[in-house]
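Each chain, letter by letter, is given below.
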Amino acid sequence: MTTTATTPPRPRAAIAAKTLRTDRWWLAPLLTVLGLVAWVTYATVRVFQQDNYWVDKYHYLTPFYSPCVSHGCVKASSEFGQFLPDHPLLPYAALTLPFLLLFRLTCYYYRKAYYRSFWLSPPACAVPDGHKNYKGETKFPLLGQNLHRYFFYAAVAISLINTWDAVVAMHSPDGFGFGLGNVVLWVNVIALWAYTASCHSCRHIMGGRLKHFSKHPVRYRAWSFVSKLNTRHMGLAWTTLATLALTDFYVMAVAAKWITDFRFVG
Ligand code: FES
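Residues numbered from 1 in each chain as written. Predicted model: local features only at pLDDT ≥ 70, side-chain atom pairs only at ≥ 80, totals over all residues. Heavy atoms only, no water.

Attention shifts here to the state of the cysteines. Inspection of every chain in the model, using the stated rule, returns one disulfide. Sulfur-sulfur distance for the disulfide between Cys68 and Cys73 comes to 2.2 Å. In this structure the cystine formed by Cys68 and Cys73 twists about its S-S bond by roughly -90°; its chirality is therefore left-handed. Both residues of the pair, Cys68 and Cys73, count as buried. Not engaged in a disulfide, the cysteine Cys125 finds its nearest cysteine sulfur in Cys107; these two sulfurs lie 18 Å apart. (Disulfide = S-S within 2.5 Å. Buried < 20%, exposed > 50% of the residue type's maximum accessible area, 1.4 Å probe, protein only.)

Moving on, we come to helix 5 (residues 180–197). Look at helix 5: 26 Å from first C-alpha to last across 18 residues, which is about the 26 Å you get at 1.5 Å a residue. Taken together, the buried positions of helix 5 are occupied by Gly181, Asn182, Leu185, Asn188, Val189, Ala191, Leu192, Ala194, Tyr195, Thr196 and Ala197. (Helix = DSSP H or I, 4+ residues; strand = E, 2+ residues; numbered from the N terminus. Expected span 1.5 Å × (residues − 1).)

With that settled, consider the UniProt feature "transmembrane region" (unreviewed entry) in the protein chain. Per the UniProt record, "transmembrane region" (unreviewed entry) is annotated on residues 25–45, 89–110, 150–170, 176–196 and 236–259. The distance separating the terminal C-alpha atoms of residues 25–45 is 32 Å; by composition the span is 90% helix and 0% strand. (UniProt positions renumbered as here; feature names shortened; annotations may be inferred.)

Attention now goes to the nonpolar core. By size, the foremost hydrophobic cluster in this structure holds 22 residues, and its most contacted members are Phe103, Tyr109, Tyr110 and Tyr195. Among the elements that make up this core, the one with the highest residue count is helix 3 (residues 108–117) (five residues). Not counting residues within four places of it along the chain, the set of residues in contact with Phe103 comprises His148, Phe151, Phe152, Ala155, Tyr195, Thr196 and Cys199. (Core = buried A, V, L, I, M, F, W, Y, C linked by side-chain atoms within 4.5 Å. Contact = heavy atoms within 4.5 Å.)

Below, the discussion takes up empty space enclosed by the protein. The tally for this structure, following the rule as stated, stands at three cavities of 30 Å³ or more. Here the largest cavity defines a volume of roughly 60 Å³. In this structure, the largest cavity is lined by Leu61, Pro63, Asn162, Asp165, Ala166, Leu185, Asn188 and Val189. For the lining of the largest cavity, the elements supplying multiple residues, two or more each, are helix 4 (148–168) and helix 5. Tallied by class, the residues present in the lining of the largest cavity amount to five nonpolar, two polar and one charged. (1 Å grid on protein atoms, 1.4 Å probe; cavity = no way out; pocket = protein on both sides within 12 Å on 5 of 7 lines; lining within 4 Å. Points joined across faces, edges and corners; volume = space filled by probe spheres on them. Nonpolar A, V, L, I, M, F, W, Y, C, P; charged D, E, K, R; others polar.)

Let's shift gears to a nonpolar patch on the surface. Side chains of Phe176, Leu180, Val183, Val187, Phe262, Phe264 and Val265 sit close together on the surface and give an oily, nonpolar patch of about 640 Å² of accessible area. For the nonpolar patch, the element with the most residues is helix 5, which contributes three residues. (Patch = residues over 30% accessible without salt bridge, like charges linked within 9 Å, V, L, I, M, F, W, Y side chains within 5 Å. Areas by Shrake-Rupley, 256 points an atom, 1.4 Å probe, with all protein chains shown as cover. Salt bridge = Lys/Arg side-chain N within 4 Å of Asp/Glu carboxyl O.)

Quick look at the environment of Tyr110 now. Secondary-structure assignment places Tyr110 in helix 3. Taking the relative accessible area as the measure of exposure, Tyr110 reaches 4% and is therefore buried. Each C-alpha atom, one on Tyr110 and one on Ile259, is 34 Å from the other, the two residues being 149 residues apart in sequence. Excluding its chain neighbours within four sequence positions, the residues that come into contact with Tyr110 are Leu36, Arg104, Tyr195, Ala237, Trp238 and Leu241. Side-chain polar atoms of Tyr110 contact the side chain of Arg104, separated by 2.9 Å. (Polar contact = N/O pair within 3.5 Å; in protein donor to acceptor, adjacent residues only side chain to side chain.)

Direction vectors running N to C along helix 4 and helix 5 enclose 160°, while the axes themselves pass 10 Å from each other. Comparing their axes, helix 5 and helix 4 come out roughly antiparallel. The way helix 4 lies across helix 5 gives a crossing that is left-handed. Contact with helix 4, carried on its side by Phe152, Ala155, Val156, Ser159, Leu160, Asn162, Thr163, Ala166 and Val167, involves Asn182, Leu185, Trp186, Val189, Leu192, Trp193 and Thr196 of helix 5 and no other residues of that element. (Axes fitted to C-alpha atoms, helices over the stretch in contact; angles between N-to-C directions. Parallel < 35°, antiparallel > 145°, perpendicular 65-115°, else oblique. Left-handed = near helix turned anticlockwise from the far one by under 90°.)

Let's shift gears to the packing of aromatic side chains. According to the stated counting rule, one finds 19 aromatic pairs in the structure shown. A ring pair is formed by Phe213 and Trp223, whose centres lie 4.8 Å apart and whose planes are at 35°; its orientation type is tilted. You can see Phe213 sitting in the loop between helix 6 (200–207) and helix 7 (217–230) and its partner Trp223 sitting in helix 7, a full 10 residues away along the chain. Aromatic rings pair up to connect Phe103, Tyr109, Tyr110 and Tyr195 into one cluster. In this structure, Arg263 packs its charged tip against the face of Tyr58, placed 3.7 Å from the ring centre. (Phe/Tyr/Trp six-rings, centres within 6.5 Å; stacked < 30°, edge-to-face > 60°. Lys NZ or Arg CZ within 6 Å of the ring centre and 35° of its normal.)

Take unusual backbone geometry next. In this structure, the amide linkage connecting Ser66 to the following residue, Pro67, adopts the cis form with an omega of -5°. The topology assignment puts Pro67 in the loop between strand 2 (60–61) and helix 2 (97–105). The backbone of Asn52 shows a phi angle near 55°, a positive value even though the residue is not glycine. The residue Asn52 is located in the loop between helix 1 (27–49) and strand 1 (54–55) in this model. Although it is not a glycine, Arg209 sits at a positive phi angle of roughly 60°.

Dropping the structure here:
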C-alpha cells in the first residue's frame, strides 16, 4: 500500500500594501453610490409630494403613483379603486412600492452594487473587504435575499399594471389620443419588461430544473431568450432607473404646466 504525502498549503505572501491595484478601482463604486443616492433622493421626494402625478386631459399617470389607490388620489387616476387612507406619510401607491423596493433590493445586480459600493464587501476585485467577518447570505437579515423569486412575481404583476396605465393613457378629450407623453410611457414600460424578464429568477423559472432541453422546446426557447437579456441585466437595471425618473419628471412637468405635451393625434 502506498501513501501520498500531502503538501501543506503555502502561506500567503506577506504584503504590507492593502492592494496592489494601481488603476482607478474606486471609480465604479463611487459612481454607483452617487447614482443610487441621487435616484433614491429624487424618488423619495416625488413619492411623498402627492402632487403633479396625473395629467387629467391625457390620462398620464406617473409610475411612482401607480396604482393610485389612496383616498387622496384624483378619482380618474384610480383605475384600481381607492382603499388606502389619505395620509401625508403614506405614498399614494403604497400598495406596490414596497414590493418594487424589495424586488430591486434583492436583485442580484443591485446586491453586487451595494455590497461593493456601500458595504465595501469587497469594494473591488483584489481589494480587501472592509469588514473582518464574512457570513455571506446565510444569516438574518441577508438570508432574506433568497425571497427574490417571490418579489419577481410581484414585479410581473406591477409591470402589467404599468402596461395598463400606458394603454389607458392613449387618450384625449375627444377619445383616442397619442402624444410625446405616450412615447415616454411606452419606452418606460418596454424597458421595465426587459429588466423584469432579464431577472435571474425569471431565467431559472424558464429553464431551471430541466434534465433535457430537447424534451421542452418551448421552455428552451424562452430560456434562450431570457438568457440573452440576462447578459444585459446590469445595463437594464440602470436604464430602468433612468426611464422611471424621466417618465415621472415628464408627467410632473406636463401636470404642473411647465411644458405642454407635444401631440401627434388628439
Ligand atoms: Fe435582478 Fe432579478 S436578478 S431583478
